Amino acid sequence: MNTKDFISLEEQYGAHNYHPLDVVIERAEGVWVYDVDGKQYLDCLSAYSAVNQGHVHPEILNALLEQAKKVTLTSRAFRNDQLPLFYKELSEMTGYEMSLPMNSGAEAVETALKLARKWAYQVKGVPRHRAEIITAAGNFHGRTLAIITFSTEPLYRDDFGPFTPGFVTVAYGDADAIEKAITPNTAAVLLEPIQGEGGVIIPPVGYLKKVAEICKKNNVLLMLDEIQTGLARTGKLFAAQYEDVRPDATIIGKALSGGFYPVSAVLADKALLGLFKPGEHGSTFGGNPLAAAVARASLRVIREEKLAERSQQLGEYFMEQLSEIPSPHVKEVRGKGLLIGVELRPEAKGARRFCEALQEKGILAKETHENVIRFAPPLVIDKETIDWALPSIRDVLNVK
Ligand code: IF1
């Protein structure tokens, strides 16, 4: 079987809900991935920031293997000896009193939405079934029916109605728009600190801080989706820390497992997360011992290898170097830590062809929103590897 064979099997038997680059990956280690022909690539996507710790991190692998030999799934009908330690370590690391574990990011977002509604009825006194949640245009929070209700991307939404009531969408980056949208029935504001899928959109300085103040003043919860930006990706444990904002709920996923296994969670204090009563929410796999053991190791690696500091330092260097590349196609280079977007001019005819050219040179990156190339390598990358990649990136950004 060669690359072509794998691709044709996939095209024949799999749903066509993706348009991947034609690279068939067989194994990976750290920042490198290898295709079925043995060709080596630098991973500049990190599975959308799920492998911040690097591919197949040995410590996380070990935790996975050791736990898999003991017990993998108990369901929450019984208790297991990993989940309590996961809860405690997550709390100590993030400063939230409690957490609720799920699997995918979208499930954790749904969990937060349910929590906000419950809080609105039980605590704020909003009349039942009237709660409203404010979201931002250009958001990406997942693919469930409730979540795509407030997507503003026609491709993600248009063919999938009818939609879920109770959501309001305002412009991103505009705190006044949020204040204007608040009514007595508003339960929460849900935002990404940086919009990843939206094209690495960084809101104006002070935005999150102002939104947090508005929420506090109006008795509205602030919930931040740090599924992509969190866990060291942007140079701090959470991107909201750049503005000293501590939201009422923080949603995490992706790198919570270092890419080994889907693990997500909602973080909040007891006054909020304590509202869920037995039976009101759950998941067969959420909080299972294998997931908990993997997540504990993933968090340990983030701490021990100081991945936030690494991301901040190397991100600054990488972004500076990218900004200095003379190219007729580049409109703007922006980012935080190692979440970097290179926006191309409309005349560049799309980012996809540049990603294909990078693939030729042994660098895997993915376009987002037509015109943005995202550079988000695993946070264990070093300066030498960035220096290795830069000449190729320079060449590609100068092709006609
Ligand atoms: C795909 C995008 C990235 C997320 C934020 C929740 C979720 C995501 C901020 C849902 C997921 C993924 C999904 C993945 C591609 C990827 C993505 F381009 F689609 F938008 F990263 F930028 N909140 N993002 O970024 O988490 O349920 O997927 O675990 O192929 O859809 P999930």
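Residues numbered from 1 in each chain as written. Predicted model: local features only at pLDDT ≥ 70, side-chain atom pairs only at ≥ 80, totals over all residues. Heavy atoms only, no water.

**Here's the deal with the site of the ligand**
Working step 1: Residues in contact with the ligand amount to 16 residues; listed here are only the nearest, Y18, G105, E197, D225 and R374.
Working step 2: Between the ligand and F140, the relevant distance is 3.4 Å, taken from a nitrogen atom to a main-chain nitrogen or oxygen of the residue.
Working step 3: Here the ligand loses 86% of its free accessible area of 600 Å² to cover by the protein chains. (Near = heavy atom within 4 Å. Polar contact = N/O pair within 3.5 Å; in protein donor to acceptor, adjacent residues only side chain to side chain. Areas by Shrake-Rupley, 256 points an atom, 1.4 Å probe, with all protein chains shown as cover.)

**As for the sheet that holds strand 15 (residues 372-375)**
Working step 1: Ordered in space as 11-12-15-14, the four strands form an open sheet in which the pairing is antiparallel. Edge positions in the open sheet fall to strand 11 (330-336) and strand 14 (366-368), since each of these has one partner strand only. Adjacent strand axes in the sheet meet at a mean angle of 30°, parallel and antiparallel pairs treated alike.
Working step 2: With six bridges connecting them, strand 11 and strand 12 (residues 339-344) associate as antiparallel partners. Across the sheet, residue V330 finds its bridge partner in strand 12, namely L344. (Pairing = 2+ DSSP bridges. Helix = DSSP H or I, 4+ residues; strand = E, 2+ residues; numbered from the N terminus. Axes fitted to C-alpha atoms, helices over the stretch in contact; angles between N-to-C directions.)

**Here we look at helix 12 (residues 307-323)**
Working step 1: In this model helix 12 runs 23 Å from its N-terminal to its C-terminal C-alpha over 17 residues, within 8% of the 24 Å that 1.5 Å per residue would give.
Working step 2: The inward-facing, buried residues of helix 12 contact helix 11 (289-304), strand 11, strand 12, strand 15 and helix 14 (383-396). (Expected span 1.5 Å × (residues − 1). Contact = heavy atoms within 4.5 Å.)

**What to know about the packing of helix 12 against helix 14**
Working step 1: Here helix 12 crosses helix 14 at 20°, and the two axes come no closer than 11 Å. When the axes of helix 12 and helix 14 are compared, the pair comes out roughly parallel. Pair helix 12 / helix 14 crosses with right-handed handedness. Counting all contacts with helix 12, which are made through L314, Y317, F318, Q321 and L322, the residues of helix 14 involved are K383, I386, D387, L390 and I393.
Working step 2: A class-by-class count of the residues in the contact of helix 12 with helix 14 yields seven nonpolar, one polar and two charged. (Parallel < 35°, antiparallel > 145°, perpendicular 65-115°, else oblique. Left-handed = near helix turned anticlockwise from the far one by under 90°. Nonpolar A, V, L, I, M, F, W, Y, C, P; charged D, E, K, R; others polar.)

**Here's the deal with the packing of helix 13 (residues 352-360) against helix 14**
Working step 1: Packing of helix 13 against helix 14 brings their axes to within 10 Å, and their N-to-C directions diverge by 140°. Classified by the interaxial angle, the pair formed by helix 13 and helix 14 is oblique. As helix 13 packs across helix 14, the resulting crossing turns out to be right-handed. Here F354, A357 and L358 of helix 13 come into contact with helix 14, specifically with S392, I393 and V396.
Working step 2: Of the residues assigned to the contact of helix 13 with helix 14, the class counts are five nonpolar, one polar and no charged.

**Examining the sheet that holds strand 10 (residues 264-268)**
Strand pairing in a sheet takes place through backbone hydrogen bonds and is either antiparallel or parallel in direction.
Working step 1: Across the sheet, seven strands lie side by side as 4-10-9-8-7-5-6; this open sheet has mixed pairing. Two strands close off the open sheet at either side, each with one partner strand: strand 4 (98-102) and strand 6 (167-170). If you compare each strand with its neighbour and ignore which way they point, the axes differ by 20° on average.
Working step 2: Pairing geometry for strand 5 (residues 132-136) and strand 7 (residues 186-191), over three bridges, is parallel. Within strand 7, the position partnered with I133 by the bridge is A188.
Working step 3: Helix-sheet contacts for helix 4 (residues 83-94) involve strand 4, strand 9 (249-252) and strand 10, and the interaxial angle to strand 4 is about 125°.

So yeah, pure geometry; function would need other evidence.
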